[in-house]
Amino acid sequence: MTPMLGKEKADVEQACMRPCTDDGLPMMGKICGSENAFIATGHNCWGILWGPITGLAMSELVLDGKAKALDLHPFSPHRFQRK
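As the structure is a computational prediction, the values presented were derived from the model and not from experiment. (Residues numbered from 1 in each chain as written. Predicted model: local features only at pLDDT ≥ 70, side-chain atom pairs only at ≥ 80, totals over all residues. Heavy atoms only, no water.)

Draft legend 1. Molecular detail of the overall build of the protein chain. The secondary structure content of the protein chain amounts to one helix and two strands. If you list the helices and strands of the protein chain from N to C, you get β-β-α. Going through the 83 residues of the protein chain one by one, you find that 20% of them count as buried. The long-range fraction of contacts in the protein chain, counting pairs at least 24 apart against all pairs at least 6 apart in sequence, stands at 47%. With the model as given, the accessible surface of the protein chain reaches about 6,600 Å², and the carbon-plus-sulfur share is 58%. (Helix = DSSP H or I, 4+ residues; strand = E, 2+ residues; numbered from the N terminus. Buried < 20%, exposed > 50% of the residue type's maximum accessible area, 1.4 Å probe, protein only. Contact = heavy atoms within 4.5 Å. Areas by Shrake-Rupley, 256 points an atom, 1.4 Å probe, with all protein chains shown as cover.)

If you want it as C-alpha cells, here you go:
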C-alpha cells in the first residue's frame, strides 16, 4: 500500500479496533469528491446499537439520494475537510 507501512513503530497497541473519529461522532455519507462512493464508520463501541439506523439511513441515501430516517448532516465526512 505504501512504502512507509511497516517501517514505523505503532503509536498504540491494542487487542481490538474501535473505529472512532476525532470528534467522536460517526462518519456517514457520501465520500468527498466521489460520484458513487459512501462511508459509514466511526461508531466506536456503539456500532451494534447504531447498526439498524445507520443501515436504514445509508440505504435511503444510496437509493433515494437523501436519508429520511436520520439527519446525516452532523455525521458528514465533509466536516473533516481542510478549508
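There is more to say, and it comes next.
Draft legend 2. Spotlight on the environment of G24. Note on placement: G24 falls in the segment before β1 (27-30). For the pair formed by G24 and F75, sequence separation is 51 residues and the distance between their alpha carbons is 10.0 Å.

Draft legend 3. Seen up close, the environment of G65. As for its position among the elements, G65 is in the segment after α1 (47-64). As a C-alpha pair, G65 and K30 span 35 residues in sequence and 9.7 Å in three-dimensional space.

Draft legend 4. Looking closely at the side chain of T54. With respect to the helices and strands, T54 occurs in helix α1. Residue T54 is classed as buried on the basis of its relative accessible area of 9%. Among the polar contacts made by the side chain of T54, one reaches the side chain of H43 at a distance of 3.0 Å. Among all residues touching T54, those that are not within four sequence positions of it are M28, A40 and H43. (Polar contact = N/O pair within 3.5 Å; in protein donor to acceptor, adjacent residues only side chain to side chain.)

Draft legend 5. Expanded view of the packing of aromatic side chains. For the coordinates displayed, the defined rule picks out one aromatic pair. Taking the centre distance of 5.4 Å and the plane angle of 85 degrees together, the rings of W50 and F75 count as edge-to-face. Here F75 lies in the segment after α1 and W50 lies in helix α1, a separation of 25 residues in the sequence. (Phe/Tyr/Trp six-rings, centres within 6.5 Å; stacked < 30°, edge-to-face > 60°.)

Draft legend 6. Region of interest: the pattern of salt bridges. One pass over the full model with this rule turns up two salt bridges. Residue R79 pairs with D23 through a salt bridge whose shortest N-O separation is 2.6 Å. Here R79 is found in the segment after α1, whereas its partner D23 is found in the segment before β1, with 56 residues between them in sequence. On the basis of relative accessibility, which here comes to 26%, the residue R79 falls in the partly exposed class. Judged by relative accessible area, which is 40%, D23 ranks as partly exposed. (Salt bridge = Lys/Arg side-chain N within 4 Å of Asp/Glu carboxyl O.)

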